[in-house]
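Chain by chain, the residues:
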Amino acid sequence: MIGQWGPLRRVGVVVALLAAPVCFIVQGLAGPAGSDDTRTELNQIAANVSGAGLAVTAGLVGTIFMVPALLALTSLVRTRHAVFGDIGGGIAVAGAVGFAALWGVDMVQITLVESHADTGQVVAAWASLEASTPMSLTLVLYIGGLSLGVVLLAIGLWRCRVVPRLVAVPLVAFVVANAMNLPTAAAAGILLVAFGWIAGCVLRRPVRAETASDSRVSA
């Protein structure tokens with residue numbers, strides 16, 4: 001539990017919990033509006049290449065921080081409710097991996113825009129990519145995995161009560177906001193409320209002093 005975490009782990013968890021949603025807020029504010037029409041999206045990127053690049057970078061960094069944040073939530077769901085943490089955490093991390101793969105796709109899109117590639121050819125290639133099986137599986141992994149995983153983690157946190165039970169509310173609200181395709185910055189703001197609340201709980205709990213035996217084991 002939190003009370004058994006050493007100071008270094010505690011700091012790392014807090015940084016990950018806060019950095020992930022903050023990066024996603026930056027991503028949502030910096031990037032183009034986005035569109036279901038590829039040609040329109042390419043034009044938006046061309047009009048703000050620097051913003052699109054910043055958004056992709058922030059999104060990728062946020063996804064990297066998301067992994068230790070999800071693992072921290074997994075470790076909080078213990079005792080007889082550990083199954084929610086183990087399954088939910090595993091699925092959510094898999095979803096984050098899918099999310100990271102999608103950032104790679106976005107980087108390719110920006111590169112094509114910067115290279116002034118023929119728009120018609122890019123649109124055709126993108127249509128083929130979106131219809132491909134690997135892309136479909138990646139989307140299912142990201143959307144389904146992250147959503148289901150976070151919901152299971154929220155249920156586990158609600159039931160084990162290691163943090164205030166109401167923390168589960170903004171976690172589920174984040175999933176709903178994503179499902180409703182609300183603006184990225186708004187969904188990330190909800191996630192910041194949840195993760196920030198948990199980070200506050202981590203900071204308030206007493207820190208276990210490391211012993212000599214702990215140092216020998218960690219070495």
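Residues numbered from 1 in each chain as written. Predicted model: local features only at pLDDT ≥ 70, side-chain atom pairs only at ≥ 80, totals over all residues. Heavy atoms only, no water.

Caption draft 1: Just the overall build of the protein, in detail. Along its length, the protein carries 9 helices and 0 strands. For the protein, the proportion of contacts with a sequence separation of at least 24, taken over those separated by at least 6, is 79%. Distance between charge centroids for the protein: 27 Å, based on 12 positive and 10 negative side chains. (Helix = DSSP H or I, 4+ residues; strand = E, 2+ residues; numbered from the N terminus. Contact = heavy atoms within 4.5 Å. Lys, Arg positive; Asp, Glu negative; His and termini not counted. Charge placed at Lys NZ, Arg CZ, Asp CG, Glu CD.)

Caption draft 2: Quick peek at the confidence of the model for the protein. Per-residue pLDDT for the protein averages 87, and the proportion of residues at 70 or more is 91%. In the model of the protein, helix α9 (residues 212-218) stands out as the element of lowest mean pLDDT, 41, in contrast to helix α7 (residues 168-179), which has the highest, 95. Residue range residues 207-219 is modelled with pLDDT below 50. Its contacts to residues more than four positions away, or to other chains, number 14 contacts. (pLDDT = per-residue confidence, 0-100.)

Caption draft 3: The packing of helix α1 (residues 7-30) against helix α8 (residues 184-204), seen in detail. α8 packs onto α1 with a crossing angle of 170 degrees between their chain directions and a minimal axis gap of 8 Å. Judged on the interaxial angle alone, α8 and α1 are roughly antiparallel. Viewed along their axes, α1 and α8 form a crossing whose handedness is left-handed. For the pair α1 and α8, the contacting residues are Arg-10, Val-13, Val-14, Leu-17, Leu-18, Pro-21, Val-22, Phe-24, Ile-25, Gln-27, Gly-28 and Leu-29 in the first and Thr-184, Ala-185, Ala-188, Gly-189, Leu-191, Leu-192, Phe-195, Gly-196, Ile-198, Ala-199, Val-202 and Leu-203 in the second. For the contact of α1 with α8, the class distribution of residues is 18 nonpolar, 5 polar and 1 charged. (Axes fitted to C-alpha atoms, helices over the stretch in contact; angles between N-to-C directions. Parallel < 35°, antiparallel > 145°, perpendicular 65-115°, else oblique. Left-handed = near helix turned anticlockwise from the far one by under 90°. Nonpolar A, V, L, I, M, F, W, Y, C, P; charged D, E, K, R; others polar.)

Caption draft 4: Local environment of the environment of Gly-196. One can find Gly-196 in helix α8. With 175 residues separating them along the chain, Gly-196 and Pro-21 place their C-alpha atoms 9.1 Å apart.

Caption draft 5: View of the packing of aromatic side chains. Applying the stated criterion across every chain, the model contains 3 aromatic pairs. When the ring of Phe-24 is compared with that of Phe-99, the centres are 5.8 Å apart and the planes differ by 40 degrees; the resulting orientation is tilted. Within this pair, whereas Phe-24 is found in helix α1, its partner Phe-99 is found in helix α4 (residues 82-114), the two being separated by 75 residues in sequence. Given a relative accessible area of 7%, Phe-24 falls into the buried group. Residues Phe-99 and Tyr-142 carry aromatic rings whose centres are separated by 4.4 Å and whose planes lie at 10 degrees to one another, so their mutual orientation is stacked. Here Phe-99, found in helix α4, pairs with Tyr-142, found in helix α6 (residues 133-160); they are 43 residues apart in sequence, far enough to count as distant. In this structure Phe-99 comes out as buried when scored by relative accessible area, which is 14%. Accessibility expressed as a relative area gives 17% for Tyr-142, which makes it buried. These aromatic residues form a ring-pair network of at least three members: Phe-24, Phe-99, Trp-103 and Tyr-142. (Phe/Tyr/Trp six-rings, centres within 6.5 Å; stacked < 30°, edge-to-face > 60°. Buried < 20%, exposed > 50% of the residue type's maximum accessible area, 1.4 Å probe, protein only.)

Caption draft 6: How the structure looks around the side chain of Thr-63. Secondary-structure assignment places Thr-63 in helix α3 (residues 49-76). A distance of 2.7 Å separates the side chain of Thr-63 from the backbone oxygen of Gly-59, its partner in a polar contact. (Polar contact = N/O pair within 3.5 Å; in protein donor to acceptor, adjacent residues only side chain to side chain.)

Caption draft 7: Highlighting the side chain of Ser-75. Secondary-structure assignment places Ser-75 in helix α3. For Ser-75, the residues in contact, after removing those within four places along its chain, are Trp-5 and Arg-9.

Caption draft 8: Representation of the nonpolar core in the model. Counting residues in hydrophobic clusters, the biggest one holds 54 residues, and the most contacted among them are Leu-70, Leu-157 and Leu-171. Breaking this core down by element, the ones donating at least two residues are α1, α2 (38-47), α3, α4, α5 (119-131), α6, α7 and α8. Setting aside residues no more than four positions away along its own chain, Leu-171 makes contact with Leu-73, Val-150, Ala-154, Leu-157, Leu-191, Ala-194 and Phe-195. (Core = buried A, V, L, I, M, F, W, Y, C linked by side-chain atoms within 4.5 Å.)

Caption draft 9: Focus on the packing of α4 against α6. Packing of α4 against α6 brings their axes to within 6 Å, and their N-to-C directions diverge by 145 degrees. α4 and α6 meet at a crossing whose hand is left-handed. Across the contact of α4 with α6, the residue classes break down as 20 nonpolar, 9 polar and 1 charged.

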